[in-house]
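The primary structure of each chain is shown beneath.
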Amino acid sequence: MRVNLHIATILVVLLIHAAMYNTSVDGGKLIGDYSKLSGIIIPGFASTQLRAWSFLDCPYSPLDFNPLDLVWLDTTKLLSAVNCWLKCMLLDPYNQTDHPECKSRPDSGLSAITELDPGYITGPLSSVWKDWVKWCIEFGIEANSIIAVPYDWRLSPSMLEERDLYFHRLKLTFETALKLRGGPSIVFAHSLGNNVFRYFLEWLKLEIAPKHYNQWLDEHIHAYFAVGAPLLGAIETVKATFFGNTFGLPVSEVTHSFLETTGLTAVTFTSLIEAFGCLSYYLVLLDLDAYSNTCLSCILARYQGTARLMFNSFASSLWMMPFSKYCRTDNSYCRHFAGGFRKGHHTYQCEEQEFRLNYSGWPTNIVNIEIPSVRGFGAYPSVTELAQTNLSSMECGLPTQLSFSAREISDGTLFKAIEDYESDSKRLLYQLKKSYHDDPVLNPLTPWDRPPIKNVFCIYGIDSRTEVGYYFAPSGKPYPDNWITTDVIYELEGSLYSRSGNLVEGNPGAASGDDTVPYNSLSLCKNWLGPKVNITRAPQSEHDGSDVQVDLNVEHQHEEDIVPNMTRSPRVKYITYYEDSESIPGRRTAVWELDKAKRGPLRDEDCYWDYGKARCSWSEYCEYRYLFGDVHLGQSCRLKNSSADALLNYL
């Protein structure tokens, strides 16, 4: 949920560096006028506050929803009046309209993206761009030079424009920033925000005359920073489709903790009371000694199924589905000006490599799923249903295991194959076609080309353990808990292995991803580099320059990764810079890879209480240390004394 602290620090430095310059009209030479640039932030998935836009009376709860009340993310209402809260979050799965009793809309301004749920319960768990903005202020960036463009992250791209005129308003934001400050803007996009920006650039082509398109971009956008961009989608989107997504909330952590234990401890119960707010009122009415841990687990596990219902009601749930790097659609822009632009008439074509090579450009098949050999039942029949059925005439057989590549997920083959066993398949197939493959502006489930921006910087973390494939099987339970995960395939530093630790065959990349998005999806932007690339590798920590390695004019084959021939010290984390050495004059393309960019906390505020484990999170860095004046557990989590100087060394 949070923008990585290490990447956020780099972005602040880059913003200051970029703000020292402006672009002249005659050729891209940079002349200094630091006051004219603006920074425009496009947040990621679930990273914008949503507020109620209606009155909703919540029965059996003292908490109602009134206009402008926080909906995403109000954990108190989520955990104490979940059915009421869901009415304000869920959308119609087909037409994406609001619930008849409640509607929510995205908040505006920087406050909408800095912290989703300010307060004692979640603390830094819900902090998104807050630290980044604070550091900008510390470095002296002017208040009106940073502009947030939040959006309703539940909607498909076409609905963002149809309902909210989001892309019209984004265009006006760039134009207003130019008039306000006299210079172009720097775009900072994170996660799904990169997909939003890509769609905006394609939408803009159809709004501006072709001869003015590049001119508009040069005048209004100086640089684009793609942070953690899922350029080929994200594997975890598939898992969320089958199991839901709790977005990092403590609910699932608490659930797993109870599933692993045999009873409630006093500390855990106290943590629950603090975490669940009004729900604790009902818990303390129960006899603690007689309370069944199994029952409590069922209550808490209910939120996982609720997360699936909610996630699958959003058309945006498909926006980051993994897709093939070899399949494209025809260009809407060209067809529009040729007089042949019509909605729903895209041609989806795959290159020869899609069928000659395995896995659609991914390390392995993404989904391996068992389906029942007996048809005619509901998705996963109960033992009672089977007992009541005459099976004498049915052929006995083992479940069938099917495997699906990225292309077979994004084109709907997976969901067609399990349509008889999965009640969500019909909705997923409908949204895939209507909101993505038939989108009149762009099919987002196709590979990116380099955006036509003067300066493009692609920044991501590598070499963290990242999920790249799943094995699913029926659970025997009804929807939404009708699947279980039987195995997971991970990539780590150039190898693939299963959850049990066994090595797995496939096509691993030179590195692994950032813990959320696989390496091949993050590193697709290396294709934007030219045939000659300058590579620099430097330690992330403070250094005297002697450890910097440079390799100039390295040969780069298109569609192939670049692997530096440089030494590594096992205890040092590096940043590796790839820069196109033969860029078009006035244009610059660079890729920055950060080793294990998921770093620990750097200040006391980054430590928080882990309610599932009843201790401070980041236990290797943080400890519980109460000081007079602390009013909640998270506030008493502080950096260990041994790491108190981490921030100084880091910066």
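About the cut-offs
Residues numbered from 1 in each chain as written. Predicted model: local features only at pLDDT ≥ 70, side-chain atom pairs only at ≥ 80, totals over all residues. Heavy atoms only, no water. Salt bridge = Lys/Arg side-chain N within 4 Å of Asp/Glu carboxyl O. Helix = DSSP H or I, 4+ residues; strand = E, 2+ residues; numbered from the N terminus. Buried < 20%, exposed > 50% of the residue type's maximum accessible area, 1.4 Å probe, protein only. Pairing = 2+ DSSP bridges. Axes fitted to C-alpha atoms, helices over the stretch in contact; angles between N-to-C directions. Contact = heavy atoms within 4.5 Å. Parallel < 35°, antiparallel > 145°, perpendicular 65-115°, else oblique. Nonpolar A, V, L, I, M, F, W, Y, C, P; charged D, E, K, R; others polar. Arc of directions from axis to C-beta. Polar contact = N/O pair within 3.5 Å; in protein donor to acceptor, adjacent residues only side chain to side chain.

Per an unreviewed UniProt entry, the protein goes by Phospholipid--sterol O-acyltransferase and derives from Populus tomentosa.

Colleague: Quick question: what am I supposed to make of the pattern of salt bridges here?
Modeller: With the rule as written, the count across this model stands at 25 salt bridges. Close ionic contact of K239 with E467 constitutes a salt bridge, the shortest N to O distance being 3.1 Å. Taken together, the residues K239 in helix α10 (residues 236-243) and E467 in strand β15 (residues 466-474) connect sequence positions 228 residues apart. Given a relative accessible area of 13%, E467 falls into the buried group.

Colleague: It is not clear to me how the sheet that holds strand β21 (residues 588-595) should be interpreted in this structure. Could you clarify?
Modeller: As a general point, the strands of a sheet are linked pairwise by backbone hydrogen bonds and lie either parallel or antiparallel. Read from one edge of the open sheet, nine strands run β7-β3-β8-β9-β14-β21-β20-β18-β19, paired in mixed fashion. Lying at the two open borders of the sheet, with one neighbouring strand each, are β7 (146-148) and β19 (549-555). Taken over all neighbouring pairs, the strand axes of this sheet differ in orientation by 15 degrees on average, direction set aside. In the sheet, strand β20 (residues 574-580) pairs with β21 via five bridges, with the strands oriented antiparallel. Following the sheet pairing, T576 is matched in β21 by E593.

Colleague: I'm lost on the sheet that holds strand β17 (residues 495-498) in this one. Help?
Modeller: Strand order across the open sheet formed by five strands is β13-β12-β15-β16-β17, with mixed pairing between neighbours. Edge positions in the sheet fall to β13 (400-404) and β17, since each has one partner strand and no second. Adjacent strand axes in the sheet meet at a mean angle of 20 degrees, parallel and antiparallel pairs treated alike. Strand contacts of α10: β12 (367-371), β15 and β16 (483-492), with the helix running at about 25 degrees to β15, the strand carrying the most contacts.

Colleague: Teacher, can you tell me more about the packing of helix α7 (residues 166-181) against helix α8 (residues 192-205) here?
Modeller: Helix-helix packing is described using two parameters, namely the angle between the two axes and the distance between the axes. Direction vectors running N to C along α7 and α8 enclose 85 degrees, while the axes themselves pass 10 Å from each other. Regarding the angle of α7 to α8, the classification is roughly perpendicular. Contacts between α7 and α8 pair Y166, F167, H168, L170, K171 and F174 from the former with V196, F197, Y199, F200, W203 and L204 from the latter. Across the contact of α7 with α8, the residue classes tally to ten nonpolar, one polar and one charged.

Colleague: Is there a simple way to explain helix α9 (residues 210-220) in this structure?
Modeller: Each full turn of the α-helix corresponds to 3.6 residues, which orients residues three or four apart in the same direction. Where α9 is concerned, the buried positions are Y213, W216, L217 and H220. In a view along the axis of α9, the buried residues occupy a sector of 95 degrees, so they form one face of it. Buried residues along α9 sit in contact with α7, β8 (185-190), α8 and β9 (221-227).

Colleague: Can you walk me through unusual backbone geometry in this structure?
Modeller: Most peptide bonds take the trans form, and the phi angle of most residues other than glycine is negative. The omega torsion of the bond from W72 to L73 falls at 20 degrees, within 30 degrees of zero and hence cis. Along the chain, L73 turns up in the loop between β5 (70-72) and α2 (75-80). Note the cis peptide between Y479 and P480, where omega equals 15 degrees. Mapped onto the secondary structure, P480 falls in the loop between β15 and β16. Although it is not a glycine, S191 adopts a positive phi angle of roughly 55 degrees. Here S191 shows up in the loop between β8 and α8. Not every positive phi belongs to a glycine, and Y359 is a case in point at roughly 75 degrees.

Colleague: Whenever I open this one, the side chain of R407 confuses me. Can you help?
Modeller: With respect to the helices and strands, the residue R407 is situated in helix α18 (residues 406-410). Reaching out from R407, the side chain makes a polar contact with the side chain of E354 at a distance of 2.8 Å. Every residue in contact with R407, bar those within four places of it in the chain, is listed here: S324, C327, Y348, C350, E354, F355 and S360.

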